[in-house]
Amino acid sequence: MLDIKDLHVTVDGKEILKGLTLSVKAGEVHAIMGPNGSGKSTLSYVLAGRGGYDVTGGSIRYQGEDLAALSPEERAAKGVFLAMQYPVEIPGVTTLTFIKTALNAQRRARGEPDLDAMSVLKLVRQKAKELKVSEEMLKRALNVGFSGGEKKRLEILQMAVFGPKLAILDETDSGLDIDALKLVADGVNDLRRHDRAMLVITHYQRLLNYIVPDRVHVLAGGRIVAEGGKELAHELEAKGYAHIVKDAA
Amino acid sequence: MTKPATAEAFFNEDFAAHAAELPGAGVPWLDQRRAEAITNFRKTGVPHRRVENWKYTDLKVALESANDVSSGTVAWKIAPVPAGVELFDLSNLADAPEWVSARLGKAAAANAIAAASLALARSGFALRVAKNTDVAETLRLSFSGDGHVRALIVLEEGASLTLAEKQAATGSFRNTGLEIVLGRNAHLTHLRVAEATNAIEVEDVAIRVAGDASYRAHLVNGGAKPARLNLRVTLKEPGASAHFSGVSVLGEESHADVTTEIYHASGRTQSTQLFKHVVGGKAQAVYQGKITVAEGADQSDSRQTAKALLLSPRAEADLKPELEIFAEDVKCAHGAAVGDLDADSLFYLRSRGVPEGEARSLLIHAFVEDALGEIAREDLRAELTQVVEKALPRAQEPLP
């Protein structure tokens, strides 16, 4: 599904990713862990296509295609979804209207017909219930006045509605209390499918107690320095990043 | 008249040629008021950029560089006249009733363009809503054609009215002078749509608000070359309030200047202002908002916000909030911001599949939404929202 080879990325002329190699197959959930400043968010942004993140070397293949050549909206239409660490607030656009606009934009780009307002509402309502996203939230302006937990739940709701092939979750656990974390994790686990890959980016092992990964990669200094099964996350929690990063060096 | 030698000549020659033919000419009180007005106008002259308050709108240069300006009779239309509204055509000024003669032009003295419209208007109207009359139907008013026009609007105690003004995009030059007098506990909602035009368009609105009365203005500016709107409000007594909201949508080389002056003459008065400008092309948006809180006008509350969204590197916005406070116990807040579309928001929308152009439009809509949201009546909000939506593509056009 996703094949990253020797990826180099610079931001404002500074190299942040320095030869990152990573491969994720359909049906797998991979965790990317790493200390602050290791390049975790850069990786998520470069996969989603944010401007200002320049690929200076290596390659990103997504379903056999050169991902870096696509615009953010093209990536979305082809099934790439990034649940953001800091979802933006957009006053004046209701949450439901936004979801409908985005969903139909993706469908149009794929040559599928638009869904009418009723069908979208039905689809959203069904998923919203599971994530405890209220009708009232759907009517409010997108993310405006939402708590941290509400914003993250809304990200997962969008993920459920759009049904991406590759979902990237960037620090989805940050700012969540344990109840909110469980709710979000359940939402994510429900979306695990044989034809869907997930990349869970996190600083802490805590989230991985609830979203159990197939593989764990440790990112430090712009490259993967250690890899292993889910037990690697526990080792990191017990011994800290310094231990692993030093061993790798 | 085509190209005037000087901007002053454009006004003076008009007065010399037509003063004797103006409606009601020869009636002493009118002759006197017009003579005072033209004297006041000559004292200040045609405003230009070295006059502080006209720094961003040079009317003199605009008039002198225009190829063809003319002054004729501005056509105004009020149709139908809603029940409860008394209408007087200023072409019958010779027989003006007392409620007109007592007030007409009283607020024009200190202001150059208001003085000019009082001295030179060949047409206009006065309307009155009688005490405790709530006019249900929206009064639709439109102006078209070149020249000066004058209007007086009086709401007596406890009266209420919704006025929808349209400045139609015709002509080369138009100067509108509007005078509004609100009695105790009277309520006026004033919607004003100025269509995009290549003409020179100026308007002065002077409003006096009595105790517990309110004046609400909701504007949509399409821009002119240039456009200047003065909103001058005096909050005379406790409980008086003024609320302005406005959206300017400017493209190409258009210009719109909204200058407000709010005078909190009494304590316990309130004013709010929210202006949003969407500026593309080589257009220029101007907001000057001066709030004065008089000595002893305690517990006055004023808020003003003006923001501009610049959609092209050549677009310009000049936002100048200004406060003068002579009272002690007041709440005053003001803010101004000029910026580009938010890059984080744009990326967020695109990452969810919304194409760039559509994402930009969505964010521009979001930017103006709160200003339009100030319009309480849903049907009128929808009407002005549609005007804004129709204008937006022009502001989004790339530079040639």
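Residues numbered from 1 in each chain as written. Chains lettered and ligands numbered in written order. Predicted model: local features only at pLDDT ≥ 70, side-chain atom pairs only at ≥ 80, totals over all residues.

> Would you take a moment to explain the environment of A:L157 for this structure?
Residue and element names in this part refer to chain A. Its place among the elements puts L157 in helix α6 (residues 148-162). For the pair L157 and I99, spaced 58 residues apart in sequence, the C-alpha to C-alpha distance is 9.5 Å. Among residues more than four places away in sequence, those in contact with L157 are K127, A128, L131 and V133. (Helix = DSSP H or I, 4+ residues; strand = E, 2+ residues; numbered from the N terminus. Contact = placed C-beta atoms within 7 Å.)

> Just to check I follow, could you spell out the interface of chain B and chain A for this structure?
Frequently, the measure chosen for interface size is the accessible area that the parts lose on association. Residue-level contacts link 17 residues of chain B with 21 residues of chain A. A breakdown of the residues in the side of chain B that touches chain A according to their chemical character gives six nonpolar, four polar and seven charged. (Nonpolar A, V, L, I, M, F, W, Y, C, P; charged D, E, K, R; others polar.)

> Explain the packing of helix α3 (residues 95-109) of chain A against α6(A) here, please?
Packed helices, taken two at a time, are described by their axes: the angle between them and the distance between them. Residues and elements named next belong to chain A. Following both chains from N to C, one finds α3 and α6 inclined at 35°, their axes separated by 11 Å at the closest point. With respect to the hand of their crossing, α3 and α6 are arranged in right-handed fashion. Two secondary-structure elements touch here, α3 through T95, I99, L103 and Q106 and α6 through L154, Q158, V161 and F162. In terms of residue class, the contact of α3 with α6 is made up of five nonpolar, three polar and no charged. (Axes fitted to C-alpha atoms, helices over the stretch in contact; angles between N-to-C directions. Left-handed = near helix turned anticlockwise from the far one by under 90°.)

> Explain helix α2 (residues 28-44) of chain B here, please?
What sets the pattern is the α-helix's 3.6 residues per turn: residues three or four places apart point alike. Residues and elements named next belong to chain B. Compared with the 24 Å implied by 1.5 Å per residue over 17 residues, the 25 Å span of α2 between its first and last C-alpha is a close match. By the burial criterion, the buried members of α2 are L30, R34, A37, I38 and F41. Summarising the axial view, the buried residues of α2 lie within an arc of 95°, below the 170-degree limit, and thus occupy one face. Turned more than 90 degrees off the buried face of α2, the exposed positions are P28, Q32, T39 and K43. One or two steps after α2, the chain reaches G45, where phi turns positive at roughly 80°. (Expected span 1.5 Å × (residues − 1). Buried ≥ 20, exposed ≤ 12 C-beta atoms within 10 Å, placed from the backbone. Arc of directions from axis to C-beta.)

> Help me understand the sheet that holds strand β10 (residues 214-221) of chain B, please; the structure alone is not making it clear to me.
What links the strands of a sheet is backbone hydrogen bonding, and the strands pair in either a parallel or an antiparallel sense. Residue and element names in this part refer to chain B. Spatially, nine strands are ordered β1-β4-β6-β8-β10-β12-β14-β16-β18 in an open sheet, and the strand pairing comes out mixed. The open sheet has two edge strands with one neighbour each: β1 (75-78) and β18 (330-339). Each adjacent strand pair in this sheet contributes to an overall mean axis angle of 10°, direction not counted. Pairing geometry for strand β8 (residues 187-194) and β10, over eight bridges, is parallel. Across the sheet, the residue bridging to V193 is V220, located in β10. On top of the sheet, helix α7 (residues 356-373) reaches β12 (241-250), β14 (270-279) and β16 (300-310); it is set at about 155° to β14, its chief contact. (Pairing = 2+ DSSP bridges.)

> Whenever I open this one, unusual backbone geometry confuses me. Can you help?
What you tend to see is this: most non-glycine residues have negative phi, and most peptide bonds are trans. All names here are of chain B. In this model, A79 is joined to P80 through a cis peptide bond whose omega is -10°. Looking at where P80 falls in the secondary structure, it is placed in the loop between β1 and β2 (85-89). Cis peptide bonds are those with omega within 30 degrees of zero, and the linkage from K225 to P226 qualifies with 0°. One can find P226 in the loop between β10 and β11 (227-235). Of note, the phi angle at D212 is positive, near 60°, even though the residue is not glycine. On the neighbour-count criterion, D212 (19 C-beta atoms within 10 Å) is partly exposed. You will see that E252, though not glycine, has its phi angle at about 50°, which is positive.

> Where do I start with the pairing of strand β2 (residues 14-24) of chain A in this structure?
Consecutive side chains of a regular strand alternate in pointing toward one face of the sheet and then the other. Residue and element names in this part refer to chain A. Two strands pair when backbone bridges link them, and strand β1 (residues 2-11) and β2 are joined in this way by eight bridges, in the antiparallel orientation. Its bridge partner being in β2, V9 is matched across the sheet by L17. Taken together, β1 and the strand that follows it, β2, pair antiparallel across an intervening segment of two residues, in which D12 is found at a positive phi of about 50°.

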